[in-house]
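Coordinate analysis (summary)
Chain residues, written in single-letter form:
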Amino acid sequence: MGMGFTARRVEFVKLTRKYLEYINLYKNLNNGSSEGATPFHEFYWHMTYYSRYAGGKRPNQGG
């Protein structure tokens, strides 16, 4: 039971690091502003569920 949490925690830490890299890049490209950047919850959803299970399409989108 504990191993599953540990593995997921490691993945969460990696994802958090990627998000911080994204924010830093976004700020560099936008004169130091993070206004308009993707919020963490959307970034997390896209990187975990959306890209794995929806084949790049949101489940409620047709086609």
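About the criteria used
- Numbers given to residues run from 1 along each chain, matching the order in which its sequence is written.
- Predicted model: local features are reported for residues with pLDDT of at least 70 only, side-chain atom pairs are reported and counted for 80 or more only, and whole-chain, interface and lining totals are derived from all residues.
- Here the side-chain values reflect all heavy atoms present in the structure, with hydrogen atoms and water set aside.
- Each helix corresponds to a stretch of at least 4 residues labelled H or I by DSSP, and each strand to a stretch of at least 2 residues labelled E; elements are numbered beginning at the N terminus.
- Classification of residues uses two cut-offs on accessible area relative to the type maximum, computed with a 1.4 Å probe and protein chains only: under 20% is buried, over 50% is exposed, and between them is partly exposed.
- By definition in these notes, contact holds between two residues if any of their heavy atoms fall within 4.5 Å.
- Whether two aromatic rings pair depends on their centres lying within 6.5 Å, for rings of Phe, Tyr and Trp, where Trp uses its six-membered ring; planes under 30 degrees apart make the pair stacked, over 60 edge-to-face, and the rest tilted.
- Take the buried residues of types Ala, Val, Leu, Ile, Met, Phe, Trp, Tyr and Cys, join any two whose side-chain atoms come within 4.5 Å, and each joined set is a nonpolar core.

Right, let's talk about the environment of Lys27 for a bit. Examined against the element boundaries, Lys27 turns out to sit in helix H1 (residues 2-29). Looking at Lys27, the relative accessible area reads 33%, which means it is partly exposed. Taking the C-alpha atoms as reference points, Lys27 and Ala37, separated by ten residues in sequence, lie 8.6 Å from one another. Sequence-distant contacts of Lys27, defined by excluding residues within four places in its chain, comprise Gly32, Ser33 and Ser34.

For the structure on display, the rule yields eight aromatic pairs. Look at Tyr19 and Tyr22: their rings are 5.9 Å apart centre to centre, the planes differ by 45 degrees, and that puts the pair in the tilted class. Pair noted here: Tyr19 and Tyr22 are both in helix H1, with a separation of three residues, about one helical turn. Residue classification places Tyr19 among the buried positions, given a relative accessible area of 13%.

Burial of nonpolar side chains together is a common tendency in soluble globular proteins. Grouped together as the largest cluster of nonpolar side chains are five residues: Leu15, Tyr19, Ile23, Ala37 and Phe43. A total of three residues in this core trace back to one element, the largest contributor, which is H1. When residues no more than four places from it in sequence are discounted, the contact partners of Ala37 are Tyr22, Ile23 and Tyr26.

So, about unusual backbone geometry. In this structure, Asn31 takes a positive phi of about 55 degrees despite not being glycine. Note on placement: Asn31 falls in the loop between H1 and helix H2 (40-53).

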